[in-house]
Amino acid sequence: MLDVLRAVKVPRNQTAAMQLLQLYAQSGHVLWTAGRVVRGKLERLLAKLAPFRIDRNVPGRAYDRSRGLASCHLVITDSEDEVLDWVLVSTQGRQGLGDPGAPDIGTIYDTTAQGQHLRWGLYELLHTEKRIGKVRDTTWTWRITRPHYKAHEALIVERAKRHDVAGLTQEIAALAMMPMFSGVRGQVLKLYAEARKVAGKFGVRELTLPVLAYMTRQTVYDTPPATLVSLLPRVGVIVGGVATA
């Protein structure tokens, strides 16, 4: 168990985790399952995931592929509370999430299938078409899930109707703080267009729309990288003979 705790690295933040999951999807890790775990039960979860060889290094994964074995990765981030979100992704192959003989750890989804897109918070990962000039290609990107997109749309209309300039400005600023993966950025631009339209319709003149940034490649891990050890329950230390949390 200690080997797993030291081998599996923890992304530095939520956006880094989303970028990592995007890269895994690009390399064929399209099967997934997810859940939440209390810190105190993290080691119990890792014991359940052990058959999926989540601690394999790069040479080990290459050797596994040569034998027809699946590659599996656990993505988990730290949290301000005691509950941690996790996602396990897998390629096709023996001893992966698509293997009928694999341990039952919950419902398995295929993020390439409609209605099964990998979820991370308010976002979902999908394989979509992109067009650069006259060239068509496909890409993996994140977008806001439809229910949350519709909720943002409704909030914009409601605040414009009430002439709530401060609230509308706050919502626009919150949208600008989202991770600007291409799918999310396109949706936010549509929401901005809706905000401009309804603001004009209801006579809101003070609306200013910020220029959106483009997503750039981030550093996924800290230096040195944190590992699963850092996610274990926080143990008190002794200061002047008194135990503190």
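Residues numbered from 1 in each chain as written. Predicted model: local features only at pLDDT ≥ 70, side-chain atom pairs only at ≥ 80, totals over all residues. Heavy atoms only, no water.

Observations concerning the pairing of strand S2 (residues 72–76)
Consideration 1: Taking burial as the measure, the five residues of S2 include five buried ones, the bulk of the element.
Consideration 2: Neither face of S2 is open: one carries Cys72, Leu74 and Ile76, the other His73 and Val75, and all of them are buried.
Consideration 3: Taken together, the five bridges between S2 and strand S3 (residues 83–90) define a ladder with antiparallel strand orientation. Among the inter-strand pairings, Val75 is bridged to a residue of S3, identified as Val87.
Consideration 4: In this structure, the hairpin formed by S2 and S3 is closed by a connection of six residues. (Buried < 20%, exposed > 50% of the residue type's maximum accessible area, 1.4 Å probe, protein only. Helix = DSSP H or I, 4+ residues; strand = E, 2+ residues; numbered from the N terminus. Pairing = 2+ DSSP bridges.)

Notes on unusual backbone geometry
Consideration 1: For the bond from Thr223 to Pro224, the omega torsion is -5°, close enough to zero to count as cis.
Consideration 2: Mapped onto the elements of the fold, Pro224 is located in the loop between helix H7 (182–201) and strand S8 (237–239).
Consideration 3: The backbone of Arg53 shows a phi angle near 55°, a positive value even though the residue is not glycine.
Consideration 4: The topology assignment puts Arg53 in the loop between helix H3 (42–49) and helix H4 (58–66).
Consideration 5: The phi angle at His163 is positive, at roughly 55°, despite the residue not being glycine.
Consideration 6: Within the element layout of this structure, His163 appears in the loop between helix H5 (146–161) and helix H6 (165–176).
Consideration 7: On the basis of relative accessible area, His163 is assigned to the partly exposed category, the value being 47%.

As for the packing of aromatic side chains
Consideration 1: Across all of its chains, the model carries one aromatic pair by this definition.
Consideration 2: Cation over ring: Arg185 sits above Tyr214, and NZ or CZ is 3.7 Å from the ring centre. (Phe/Tyr/Trp six-rings, centres within 6.5 Å; stacked < 30°, edge-to-face > 60°. Lys NZ or Arg CZ within 6 Å of the ring centre and 35° of its normal.)

Details of the environment of Ile144
Consideration 1: With respect to the helices and strands, Ile144 occurs in strand S7 (residues 135–144).
Consideration 2: Here the alpha-carbon distance between Ile144 and Tyr123, two residues 21 residues apart in the chain, equals 4.5 Å.
Consideration 3: Setting aside residues up to four positions removed in sequence, Ile144 forms contacts with Leu122, Tyr123, Tyr149, Met178, Val184 and Gln187. (Contact = heavy atoms within 4.5 Å.)

Considerations on the sheet that holds S2
Consideration 1: Across the sheet, four strands lie side by side as S2-S3-S1-S4; this open sheet has antiparallel pairing. Bordering the open sheet on either side are S2 and strand S4 (109–110), each of which pairs with just one other strand.
Consideration 2: Pairing between strand S1 (residues 31–38) and S4: two bridges, direction antiparallel. Within the sheet, the bridge partner assigned to Trp32 lies in S4 and is Tyr109.

Details of the packing of H5 against H7
Consideration 1: At their nearest, the axes of H5 and H7 sit 9 Å apart, and the two run at 20° to each other. With respect to their mutual orientation, H5 and H7 come out roughly parallel. Considering only the axes of H5 and H7, their crossing is right-handed. Contact with H5, carried on its side by Tyr149, His152, Glu153, Ile156, Val157 and Ala160, involves Gln187, Lys190, Leu191, Glu194, Ala195, Val198 and Ala199 of H7 and no other residues of that element.
Consideration 2: Of the residues that constitute the contact of H5 with H7, the class distribution is eight nonpolar, two polar and three charged. (Axes fitted to C-alpha atoms, helices over the stretch in contact; angles between N-to-C directions. Parallel < 35°, antiparallel > 145°, perpendicular 65-115°, else oblique. Left-handed = near helix turned anticlockwise from the far one by under 90°. Nonpolar A, V, L, I, M, F, W, Y, C, P; charged D, E, K, R; others polar.)

Section: the pairing of S1
Consideration 1: In terms of strand pairing, S1 meets S3 through eight bridges, oriented antiparallel. The residue bridging Leu31 from the neighbouring strand is Ser90, located in S3.

Things to note about the pattern of salt bridges
Consideration 1: Counted by the stated rule, this structure contains twelve salt bridges.
Consideration 2: The partner of Glu124 in a salt bridge is Arg143, and the shortest N-O contact between them spans 2.6 Å. Taken together, the residues span a long stretch of sequence, with Glu124 in strand S6 (residues 123–132) and Arg143 in strand S7 at a distance of 19 residues.
Consideration 3: On the basis of relative accessibility, which here comes to 7%, the residue Glu124 falls in the buried class. (Salt bridge = Lys/Arg side-chain N within 4 Å of Asp/Glu carboxyl O.)

Note that all results are geometric; they support no functional claim without further evidence.
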